[in-house]
Amino acid sequence: NRSHNTIHPKEGADFLDARNKEGNNCQSEIKKTPLDYEGKLFNKTNLFSIIVGVVFIISGFSKSLDATTFAKTINLYEIANLWFLSPVIIIFEIFLGLSLLLKIQLKRISFISIIFLIGLTLTYIYRWLFKDITDCGCFGHINILNSSPIFTLVRNAILIYLCVDLYLHNNKETIDIKTYINICF
């Protein structure tokens with residue numbers, strides 16, 4: 001039997017302070033799920049990561065339905081003949097979306113998403129202004145989601161804002177892949 005104020009070698013001073021303040025032994029920790037990591041399902045971080053994640057997944061999936069047409073759209077941009085990257089972009093978008101939904105390394109993934117969205121947006125602006133390309137190819141053949149150039153830019157600006165907010169205000173609401181595997185299995 002150890003006394004209430006004895007620090008176990010595996011415990012730090014923070015654990016002892018929390019135990020003393022709460023007046024209990026803090027014997028067990030609550031198992032948290034990826035979508036309920038802070039005990040609140042609809043906090044700002046969860047909402048933003050769900051919105052951006054779903055957009056990336058829908059975008060990637062819709063392009064995968066007809067990857068050849070997406071490759072032709074990339075070819076229209078006339079940037080160093082990069083049409084062969086279309087499958088990589090599709091897989092990357094789905095990966096980003098799933099990572100955001102599952103909150104896997106959220107700070108890192110949100111930073112990568114910012115860079116990705118800024119790159120795509122700048123490329124689209126250049127092609128829209130100088131080559132008169134109005135279809136960004138963002139959602140493949142799902143015509144209801146393809147929109148005017150101004151709407152595309154506004155949508156991308158909102159997505160960039162959401163990713164910047166996720167990056168700047170993310171302290172502990174994230175899990176790494178090992179933790180996720182431990183929770184699930």
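Quick look at the structure, then. Since the structure is predicted, the reported quantities are computational estimates derived from the model, not experimental observations. (Residues numbered from 1 in each chain as written. Predicted model: local features only at pLDDT ≥ 70, side-chain atom pairs only at ≥ 80, totals over all residues. Heavy atoms only, no water.)

A word on the pattern of salt bridges. Taken as a whole, this structure holds two salt bridges when the rule is applied. A salt bridge links K44 to D165, with the nearest nitrogen and oxygen atoms 3.3 Å apart. Taken together, the residues K44 in helix α2 (residues 44-64) and D165 in helix α6 (residues 149-168) connect sequence positions 121 residues apart. Note that E93 and K63 form a salt bridge whose closest N and O atoms lie 2.8 Å from each other. Of this pair, E93 sits in helix α4 (residues 86-102) while K63 sits in helix α2; the two residues are 30 residues apart in sequence, bridging distant segments of the chain. (Salt bridge = Lys/Arg side-chain N within 4 Å of Asp/Glu carboxyl O. Helix = DSSP H or I, 4+ residues; strand = E, 2+ residues; numbered from the N terminus.)

Turning our attention to the packing of aromatic side chains. For the structure on display, the rule yields five aromatic pairs. Relative to F116, the ring of F56 has its centre 6.0 Å away and its plane inclined at 55°; by these criteria the two rings are tilted. Here F56 is found in helix α2, whereas its partner F116 is found in helix α5 (residues 106-131), with 60 residues between them in sequence. Taking the relative accessible area as the measure of exposure, F56 reaches 3% and is therefore buried. Classification of F116 by relative accessible area gives buried; the value is 13%. (Phe/Tyr/Trp six-rings, centres within 6.5 Å; stacked < 30°, edge-to-face > 60°. Buried < 20%, exposed > 50% of the residue type's maximum accessible area, 1.4 Å probe, protein only.)

Moving on, we come to the packing of α4 against α5. Contact geometry for α4 and α5: axes closest at 10 Å, N-to-C directions at 140°. Relative to α5, the element α4 lies oblique. In the crossing of α4 with α5, the sense of the turn from one axis to the other is left-handed. For the pair α4 and α5, the contacting residues are I89, F92, E93, F95, L96, S99 and L100 in the first and L106, I109, S110, I112, S113 and F116 in the second. (Axes fitted to C-alpha atoms, helices over the stretch in contact; angles between N-to-C directions. Parallel < 35°, antiparallel > 145°, perpendicular 65-115°, else oblique. Left-handed = near helix turned anticlockwise from the far one by under 90°. Contact = heavy atoms within 4.5 Å.)

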